[in-house]
Amino acid sequence: MNDNITFVTHLRLDHTDRIKNLQTILNYYSKNFEGAKFIMVEDDTSHNDNFDSVKWPKNTAFYFIKNRGLHLKSRSLNYGIHQADTPVVVALDTDCIVPVSSMHKCTDACMNGATMAYPYNGYFIDASYNM
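About the cut-offs
Residues numbered from 1 in each chain as written. Predicted model: local features only at pLDDT ≥ 70, side-chain atom pairs only at ≥ 80, totals over all residues. Heavy atoms only, no water. Helix = DSSP H or I, 4+ residues; strand = E, 2+ residues; numbered from the N terminus. Buried < 20%, exposed > 50% of the residue type's maximum accessible area, 1.4 Å probe, protein only. Polar contact = N/O pair within 3.5 Å; in protein donor to acceptor, adjacent residues only side chain to side chain. Contact = heavy atoms within 4.5 Å. Arc of directions from axis to C-beta. Core = buried A, V, L, I, M, F, W, Y, C linked by side-chain atoms within 4.5 Å.

Draft legend 1. Representation of the side chain of Asp43 in the model. As for its position among the elements, Asp43 is in strand E2 (residues 37-44). The buried category is assigned to Asp43, whose relative accessible area is 1%. Within polar-contact distance, the side chain of Asp43 engages the side chain of His10 at 2.6 Å. Looking at Asp43, its side chain comes within polar contact range of the side chain of Asn67, at 2.9 Å. With residues up to four places along the chain from it excluded, the contact list for Asp43 reads His10, Leu11, Arg12, Ile65, Asn67, Leu70, His71, Leu72 and Ser76.

Draft legend 2. Molecular detail of helix H2 (residues 73-83). If you check which residues of H2 are buried, you get Ser76, Leu77 and Gly80. The buried residues of H2 occupy an angular sector of 95° when the element is viewed end-on, so they sit on one face. Facing away from the buried surface of H2 by more than 90 degrees, the exposed residues are Ser74 and His82. Against the buried residues of H2 lie strand E1 (5-11), E2, strand E3 (60-66) and strand E4 (88-92).

Draft legend 3. Region of interest: the nonpolar core. Core analysis: the biggest nonpolar cluster contains 19 residues, and Ile5, Phe7, Leu22, Tyr29, Phe33 and Met103 have the highest contact counts within it. The dominant element in this core, judged by the number of residues it contributes, is helix H1 (residues 17-32), at five residues. Apart from residues lying up to four places away in sequence, Leu22 is in contact with Leu11, Met40, Phe51, Val54, Trp56 and Thr94. Residues Val8, Ile39, Ile65 and Leu77 belong to the second largest nonpolar core, which totals six residues.

This is a description of form; function is not addressed.
Below you can see the structure in the form of structure tokens.
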């Protein structure tokens, strides 16, 4: 089932923690969804070399969209979604990790006719106060 999923992520290095967050979600999702594909779309005035240090999963495609420095997250996600060739596409944020069971429920729903599924249980935990 995991080969039916493409994770699409918008990349913009606006904080030094962004690289750590990105590496964390890539490690988590590639380990828990073996066979899934990843599409990374960076948008900015120029490519940020810090992304070159990331250990990308084996099924990763990287795209860069040059713009005038505007933060165009929706445009980048839409671009990545159009590149996907799997029946399920996940717009993945670099700051959120979804439980594997929730992601499987959403994938099952989409594979069985749902147009969209959102793995949100009503709770969002701000971990910055726990650090």
